[in-house]
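The lines below spell out each chain.
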Protein chains: 8
Amino acid sequence: MEQEFGNVLFDYARQARIGLPEAIFSESKPHHSLAALLERFSTGDPPILFTRLRQEILDSLPPGVASAYNYDPLSRTAWAATLPRRAKGSVAIISGGTSDAPVAAEAARTLEYLGIRHTLMEDCGVAALWRLTERLQELNSHDAVIVVAGMEGALACITGGLCPKPVLAVPTSVGYGVAGGGRAALAGMLSCCAPGISVVNIDNGYGAACAAARIINLT
Amino acid sequence: MEQEFGNVLFDYARQARIGLPEAIFSESKPHHSLAALLERFSTGDPPILFTRLRQEILDSLPPGVASAYNYDPLSRTAWAATLPRRAKGSVAIISGGTSDAPVAAEAARTLEYLGIRHTLMEDCGVAALWRLTERLQELNSHDAVIVVAGMEGALACITGGLCPKPVLAVPTSVGYGVAGGGRAALAGMLSCCAPGISVVNIDNGYGAACAAARIINLT
Amino acid sequence: MEQEFGNVLFDYARQARIGLPEAIFSESKPHHSLAALLERFSTGDPPILFTRLRQEILDSLPPGVASAYNYDPLSRTAWAATLPRRAKGSVAIISGGTSDAPVAAEAARTLEYLGIRHTLMEDCGVAALWRLTERLQELNSHDAVIVVAGMEGALACITGGLCPKPVLAVPTSVGYGVAGGGRAALAGMLSCCAPGISVVNIDNGYGAACAAARIINLT
Amino acid sequence: MEQEFGNVLFDYARQARIGLPEAIFSESKPHHSLAALLERFSTGDPPILFTRLRQEILDSLPPGVASAYNYDPLSRTAWAATLPRRAKGSVAIISGGTSDAPVAAEAARTLEYLGIRHTLMEDCGVAALWRLTERLQELNSHDAVIVVAGMEGALACITGGLCPKPVLAVPTSVGYGVAGGGRAALAGMLSCCAPGISVVNIDNGYGAACAAARIINLT
Amino acid sequence: MEQEFGNVLFDYARQARIGLPEAIFSESKPHHSLAALLERFSTGDPPILFTRLRQEILDSLPPGVASAYNYDPLSRTAWAATLPRRAKGSVAIISGGTSDAPVAAEAARTLEYLGIRHTLMEDCGVAALWRLTERLQELNSHDAVIVVAGMEGALACITGGLCPKPVLAVPTSVGYGVAGGGRAALAGMLSCCAPGISVVNIDNGYGAACAAARIINLT
Amino acid sequence: MEQEFGNVLFDYARQARIGLPEAIFSESKPHHSLAALLERFSTGDPPILFTRLRQEILDSLPPGVASAYNYDPLSRTAWAATLPRRAKGSVAIISGGTSDAPVAAEAARTLEYLGIRHTLMEDCGVAALWRLTERLQELNSHDAVIVVAGMEGALACITGGLCPKPVLAVPTSVGYGVAGGGRAALAGMLSCCAPGISVVNIDNGYGAACAAARIINLT
Amino acid sequence: MEQEFGNVLFDYARQARIGLPEAIFSESKPHHSLAALLERFSTGDPPILFTRLRQEILDSLPPGVASAYNYDPLSRTAWAATLPRRAKGSVAIISGGTSDAPVAAEAARTLEYLGIRHTLMEDCGVAALWRLTERLQELNSHDAVIVVAGMEGALACITGGLCPKPVLAVPTSVGYGVAGGGRAALAGMLSCCAPGISVVNIDNGYGAACAAARIINLT
Amino acid sequence: MEQEFGNVLFDYARQARIGLPEAIFSESKPHHSLAALLERFSTGDPPILFTRLRQEILDSLPPGVASAYNYDPLSRTAWAATLPRRAKGSVAIISGGTSDAPVAAEAARTLEYLGIRHTLMEDCGVAALWRLTERLQELNSHDAVIVVAGMEGALACITGGLCPKPVLAVPTSVGYGVAGGGRAALAGMLSCCAPGISVVNIDNGYGAACAAARIINLT
């Protein structure tokens with residue numbers, strides 16, 4: 001069930017085992033390895049999600065390879081094929097500000113790749129709460145909520161106090177000083193006084209989408 | 001929908017709003033406040049969950065009050081009445097070692113209070129992996145998995161790579177040196193290379209159970 | 001303008017210079033030094049505020065000395081005389097939960113000592129936002145707002161987004177795990193996305209009251 | 001009261017609610033979003049403050065747009081229109097050294113944008129205290145003092161011990177080794193033994209000016 | 001036994017004393033110093049290992065010098081001559097993912113330089129455990145095991161629970177958020193619940209190989 | 001191969017698998033659990049090592065149980081039976097000062113339990129280097145060296161530069177200020193400029209002895 | 001030149017070598033070891049300084065032993081004999097507040113033990129600068145200055161800007177929140193913008209006195 | 001005694017007050033300010049030391065200005081005139097490796113600027129101790145010793161145990177992993193078990209030289 005490709009062993013059985021196909025975190029891989037992987041999976045069979053993929057890598061490939069991919073520069077995600085659409089389940093993604101957009105987009109694109117319906121509600125920062133409260137009914141119509149926020153990360157706590165659905169919080173590295181690198185948002189979300197919020201690593205929109213997919217798989 | 005008791009305003013509407021009734025975190029509250037609250041809620045109406053409640057507080061109350069409570073010294077939880085049993089949904093709690101027992105018990109007792117079926121699988125530390133792999137089928141029969149582990153916290157990652165269900169990781173403060181206070185386990189769980197694990201604060205068994213309840217509420 | 005007492009030089013001119021009389025931080029001072037200081041200032045002339053003073057110190061003094069003091073065990077503050085009441089200016093103190101009560105009380109008692117009118121609004125945690133929003137008009141009738149909160153500290157950000165008055169945030173050391181010692185609340189308050197919030201050290205209710213007094217002195 | 005622009009919802013009501021108009025933190029926003037926002041607000045109606053805006057963004061705009069803005073490269077702030085001048089109230093800004101100039105300038109420019117009179121006193125580092133003490137009378141003639149300092153941040157403590165007015169401390173990221181990123185100055189200012197100093201995030205000149213504006217609004 | 005070269009005193013006696021010849025950590029040395037050192041040791045007598053050497057340095061040298069070196073760009077190591085092959089002893093190097101390849105390669109190249117047989121097993125991350133368990137017998141045929149892993153570093157713990165040989169763990173700086181710079185992997189490896197794992201500094205493949213060489217020297 | 005005892009599953013196969021029998025870390029286990037375990041294993045079959053066991057636990061047991069154990073209060077270790085003496089291999093343990101004695105003793109007792117010969121050389125702190133250099137020949141006659149040191153931990157680096165054998169460094173929590181909790185010693189040992197030192201967690205004398213045993217098993 | 005006593009090797013040659021006799025840091029040594037050492041050195045030959053020695057240890061000794069020692073409970077120092085008085089050189093010790101007294105006393109007692117003249121100036125906190133400036137001439141008459149301060153530690157910077165003599169800064173662990181454990185004072189003193197200040201570990205009054213003694217030895 | 005230049009007030013009286021003339025830390029100042037300052041002080045009257053000055057700044061100046069300066073690219077220091085040579089006193093600077101050379105050079109150049117005799121002994125790392133011990137007599141002939149070391153910083157402790165003169169330790173930011181940014185060296189030096197070592201900020205060769213100058217001024 002496992003096949004070798006260059007030095008990389010692909011875990012094609014992962015989807016059967018945990019319901020999530022393999023993805024390739026591209027940030028720390030050398031250019032030539034990524035180029036080879038992108039060429040190999042440009043047929044879309046099996047489907048593979050590339051995350052943290054810089055535009056330059058794709059631009060350096062033969063035109064036929066690059067054009068096989070659906071690439072989104074904001075989220076830096078690419079695929080040649082997505083999974084089948086699921087009939088059931090949907091996810092809401094809310095974010096604090098436009099600076100959080102790349103992480104919110106990574107979550108949204110991962111859900112799209114996984115075939116899960118989702119809605120993106122941006123600019124719901126806690127300094128303007130009514131944007132969240134006005135859309136609460138819409139929010140509650142989804143099966144899970146991903147909250148993407150930097151700075152002090154309070155948006156996750158507010159959401160957790162208003163919404164009964166599973167809430168997955170993603171701290172972002174937006175911020176400076178004590179908020180630098182996302183540490184204040186991470187600490188705030190873990191310390192949240194609303195019960196039942198869970199948290200993923202800083203900027204990990206992909207991870208939050210996978211956690212949501214595990215929940216959607218139950219419905 | 002809100003009533004005053006002493007200086008504390010109870011949020012009886014919380015259950016309607018987010019599906020989770022109010023709980024009282026007892027650790028940092030003064031003795032006389034806790035005594036008053038325990039007396040007030042000894043009728044079990046409305047039901048209230050006390051967490052991090054030390055035995056001494058209960059022992060100092062009039063016998064009629066103390067005996068009204070179902071108290072568990074390991075998890076330090078108490079209630080006078082639980083919520084109705086739910087027909088659907090169940091949660092598995094796995095833990096790394098006997099030192100993690102108080103946190104695993106807090107999660108288990110919170111689920112019991114919330115009326116949710118659950119199973120506790122202890123002593124599944126990563127140094128003895130087959131204990132986990134042998135029980136994988138049983139694990140996968142539940143709707144959500146809570147993983148409680150201290151030290152390096154790797155149990156959550158292993159579980160996430162083997163089990164397709166939502167995995168909620170609880171780092172515990174068990175450990176010394178760089179593991180002191182649970183920081184190594186927290187960092188390890190957030191950095192986990194298995195996709196879709198989410199994490200709650202250190203020792204927060206209550207929070208993990210609430211996160212699981214949000215998921216069970218969907219089924 | 002300065003007088004010696006034991007090894008301590010009192011700065012009686014401070015009030016003239018910065019509008020705030022000297023206070024004695026009692027936490028790290030040895031018992032015999034505190035006993036001597038409490039005896040010296042039991043006449044109430046000049047007025048001195050003792051902060052972080054444990055009950056046992058007062059109980060060990062001759063009855064005439066102890067009874068000269070107005071002592072509050074929650075805030076651990078004591079004085080033999082207060083400053084004159086000020087005609088103008090008032091301060092609102094809002095806090096997140098009953099666990100924050102000692103710090104909120106230290107702020108309230110310091111304002112009382114300084115002769116400044118104030119109101120205490122407790123239990124306004126972000127998990128139950130309407131408690132804050134319902135009292136917004138009352139809040140805005142004051143000249144400055146002190147927000148006392150532990151855990152993730154989001155109450156300061158919410159208040160800063162709703163209220164135009166100077167907002168002084170006090171993180172409290174209430175919490176465990178990543179919130180331990182107040183670090184998450186401190187980081188959250190400093191990173192706050194509502195503009196113009198300023199912050200004092202963890203548990204520093206006294207400092208927030210002094211900052212409010214500097215503002216009230218302007219009115 | 002709220003209008004949509006691209007993906008950004010502007011909070012035009014903020015000025016009515018908290019006395020401070022909306023500002024745009026430009027550091028983490030993509031070039032094309034900033035270009036669109038700058039074009040939209042080049043009429044100066046409503047007035048908007050851009051902070052942390054790099055010269056290159058403005059230089060890349062059509063000449064008519066760029067020339068509509070009053071841009072200051074030291075503070076990296078821009079506006080097409082300021083708020084009306086206020087008749088009452090003034091703020092002193094003191095800084096430790098020329099390396100702190102960008103942050104001091106951000107505070108000064110924000111006050112200018114808000115229509116508040118202010119004076120900038122630079123190079124008052126604690127290694128040359130008389131520069132501060134000689135100008136103490138002038139300092140005390142203002143309604144609030146913003147202290148901008150890096151390294152050990154002691155200037156805020158010295159000022160707080162000499163001046164009765166509200167003191168807002170801004171740690172700067174100037175420094176190396178343990179002072180790197182402003183952490184030493186932040187810790188020093190929060191730990192300050194002069195009573196009633198409050199602190200904003202590292203390099204947050206904008207935030208200090210907003211906190212001062214909340215105070216000036218009272219006068 | 002010691003000879004001077006430029007400002008650098010070489011410790012040629014080190015090999016006699018501790019069984020390991022001197023190496024040059026090139027990362028923080030200026031270009032001209034490295035150029036001179038590379039020229040001096042291009043004869044291969046005595047053999048010297050250069051670590052963290054960037055390609056550009058070699059490219060800037062006279063062709064005769066550069067061509068004298070065996071350079072590997074992945075590990076950034078170079079030598080003009082290796083030590084004699086040892087008849088006994090071998091080391092297994094296992095790594096978590098392709099992102100850990102540069103550090104695993106530094107360990108492998110150092111062993112090659114020291115004349116020690118070794119095998120590299122890549123892509124054994126804990127999310128796909130069977131890759132490790134299937135090769136356990138092969139792993140156990142070596143005298144020492146070097147485990148190279150980033151993220152949560154759990155691979156070292158798993159290996160330590162399955163393999164009786166000395167296990168040397170190398171955390172890598174691969175990761176983001178709380179895993180940034182290798183801190184989560186380092187903490188996880190030090191906290192490991194399998195007994196008898198020891199750890200070297202983050203990304204220190206060279207150090208792990210030297211520690212393995214000290215063990216191989218015993219056989 | 002596995003047997004249940006109370007809630008604890010013992011891993012009797014561990015010795016066959018990794019050459020190290022199971023040990024019980026007693027620090028965070030409740031009194032009643034430890035009492036039951038001590039009673040169960042008082043026959044010495046199978047042999048079990050208890051670490052971090054406080055004297056009070058043993059004192060509270062029935063005399064017949066307590067007297068079955070060989071207990072050492074300095075290292076807080078206990079066993080009812082040791083493993084067979086090994087014919088080959090020996091370990092030197094050197095420590096910096098008498099304050100490091102409990103950790104050095106834990107290492108020594110673990111080796112005694114494992115049947116491995118060893119020598120303890122105390123008080124070799126770097127402020128008096130000749131104590132180490134005078135005994136260098138003796139040190140080098142062993143197969144592995146465990147270095148136990150607190151404060152700045154430099155003893156490990158000095159030893160690594162003088163001795164060719166595997167060096168296992170144990171930082172101790174002895175120290176105050178920046179050395180508090182062993183962090184300075186840990187960082188110093190990991191950063192050590194002598195090649196091939198490896199490190200275990202703070203105060204982990206047991207772990208260092210197990211790492212040494214893995215090496216001795218090779219000889 | 002070295003003699004054995006129990007397990008402790010005394011370094012009687014240290015005084016010849018570095019001009020400072022050996023001292024015994026008592027904090028982490030077990031009671032029975034300290035008792036034996038105190039008995040051994042009660043003759044005063046050779047002189048030994050005990051630091052961080054708790055009163056209880058001395059109280060538990062035979063009366064003849066305890067009475068041989070000059071013990072000071074504030075600094076927790078003891079000796080049976082001091083070194084000869086030195087004709088030349090003197091040291092000023094200035095401290096910020098009475099909470100710093102134990103550390104200032106440790107410095108003063110160490111100087112007394114070493115036979116060096118010194119003056120103690122307490123309560124010179126930066127909130128009341130004139131106490132320092134009024135005594136500047138006296139301060140400058142000494143050969144070295146030890147500055148003992150907690151909280152933000154600014155006193156060292158102020159002193160360094162006013163006084164030309166060697167300035168040795170001792171951060172103290174007095175403080176709470178971000179100042180907790182002395183970290184803010186340590187960072188502030190290391191970041192100090194006055195040139196030529198050097199720093200010792202937190203609460204290390206003994207170390208500062210030794211550093212001053214090295215300087216006095218030159219005069 | 002003070003004169004204005006642009007926005008910078010020079011403290012020409014500093015030399016009279018503390019024996020050290022003013023220096024300009026160039027790292028965080030904008031290009032145009034530095035250019036103006038360099039032009040102003042190119043006459044060498046008064047003498048000014050520029051530290052952390054990049055070559056590019058000088059290269060961009062008019063030839064007459066640049067050539068007026070004595071610039072050293074390794075230490076990044078420049079002056080147009082030095083202070084008079086002092087007849088008495090000398091300083092030894094020892095460093096651990098060639099990577100520490102820029103910091104050692106900053107110390108050496110500052111001493112040269114201050115007119116103080118000094119010797120530089122490089123490459124005395126603790127992995128090759130005899131380089132230090134062989135030159136001990138020479139070392140002890142100086143009046144003060146500056147020790148510059150990165151990694152674990154143990155060189156300062158070794159020196160402090162062998163040399164009776166004032167020892168000023170400078171941690172350098174050389175290193176990676178836990179040694180990154182100089183934190184391990186700083187912690188090690190502050191925790192040093194040899195008595196009487198004092199420490200300056202990371203990479204602060206200038207500060208160590210100023211501290212040495214304060215000592216030399218006494219002789």
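Below is a summary of the structure that appears in this document.

About the cut-offs
- Residues numbered from 1 in each chain as written.
- Chains lettered and ligands numbered in written order.
- Predicted model: local features only at pLDDT ≥ 70, side-chain atom pairs only at ≥ 80, totals over all residues.
- Heavy atoms only, no water.
- Helix = DSSP H or I, 4+ residues; strand = E, 2+ residues; numbered from the N terminus.
- Rg over C-alpha atoms; globule rule 2.2 N^0.38 Å.
- Buried < 20%, exposed > 50% of the residue type's maximum accessible area, 1.4 Å probe, protein only.
- Contact = heavy atoms within 4.5 Å.
- Areas by Shrake-Rupley, 256 points an atom, 1.4 Å probe, with all protein chains shown as cover.
- Lys, Arg positive; Asp, Glu negative; His and termini not counted.
- Charge placed at Lys NZ, Arg CZ, Asp CG, Glu CD.
- Buried area = accessible area lost by both parts, 1.4 Å probe.
- Salt bridge = Lys/Arg side-chain N within 4 Å of Asp/Glu carboxyl O.
- Polar contact = N/O pair within 3.5 Å; in protein donor to acceptor, adjacent residues only side chain to side chain.
- Patch = residues over 30% accessible without salt bridge, like charges linked within 9 Å, V, L, I, M, F, W, Y side chains within 5 Å.

Bringing the overall build of chain A into the picture now. A tally of helices and strands in chain A yields 10 helices and 11 strands. Its C-alpha radius of gyration of 18 Å places chain A within 12% of the 17 Å reference for a compact globule of 219 residues. Projecting the C-alpha coordinates of chain A onto the three principal axes gives extents of approximately 50 × 40 × 25 Å. Considering chain A as a whole, with its 219 residues, one finds that 66% of them fall into the buried category. Considering only contacts within chain A whose residues lie at least 6 apart along the sequence, 68% involve residues at least 24 apart. Summed over its atoms, the accessible surface of chain A is roughly 7,000 Å², and 52% of this surface lies on carbon and sulfur atoms. Seen as two clouds, the 17 positive and the 20 negative side-chain charges of chain A have centres 5 Å apart.

For the rest of this paragraph, the subject is the interface of chain H and chain G. Opposite the 32 residues of chain H that make contact, chain G presents 32 residues. Both faces considered, chain H and chain G share a buried interface measuring about 2,600 Å² in area, 60% of it formed by carbon and sulfur atoms. On inspection of chain H and its partner chain G, the count reaches zero salt bridges. Applying the counting rule to chain H against chain G returns 11 residue pairs in polar contact (both at pLDDT 80 or more). For the side of chain H that touches chain G, the secondary-structure elements that each account for two or more residues are helix H1 (14-18), helix H8 (154-162), strand S10 (167-171), helix H9 (183-190), strand S11 (197-199) and helix H10 (205-216) of chain H. Per-element tally for the side of chain H that touches chain G: the top contributor is H10 of chain H, with six residues.

Bringing the pattern of salt bridges into the picture now. If you walk through the whole model with that rule in mind, you get 40 salt bridges over all chains. Salt-bridge contacts for arginine 54 of chain B lead to glutamate 56 of chain B; the nearest nitrogen and oxygen are separated by 3.3 Å. Ionic pairing is found between glutamate 27 of chain H and arginine 52 of chain H, a salt bridge with its closest N-O pair at 3.6 Å. Of this pair, glutamate 27 of chain H sits in the loop between strand S3 (23-25) and helix H2 (31-40) while arginine 52 of chain H is found in the loop between strand S4 (49-51) and helix H3 (55-59), placing the two residues 25 residues apart along the sequence. Among the residues examined, glutamate 27 of chain H registers a relative accessible area of 39% and is labelled partly exposed.

Take the arrangement of the chains next. Across all C-alpha pairs, the smallest distance from chain C to chain E is 13 Å, and the two are not in contact. For the non-touching pair chain D and chain E, the nearest C-alpha separation works out to 17 Å.

A few words now on a positive patch on the surface. Side chains of Arg183 of chain A, Arg183 of chain D, Arg183 of chain E together with Arg183 of chain H sit close together on the surface and give a patch of like positive charge. Checked against the element boundaries, arginine 183 of chain A lands in helix H9 (residues 183-190).

A separate point is unusual backbone geometry. That bond from aspartate 45 of chain A to proline 46 of chain A is cis: its omega, -5 degrees, falls within 30 degrees of zero. Within the secondary structure, proline 46 of chain A sits in the loop between helix H2 (31-40) and strand S4 (49-51). One non-glycine residue, arginine 52 of chain A, lies in the positive phi region at around 50 degrees. Although it is not a glycine, aspartate 203 of chain G sits at a positive phi angle of roughly 65 degrees. Along the polypeptide, aspartate 203 of chain G turns up in the loop between strand S11 (197-199) and helix H10 (205-216).

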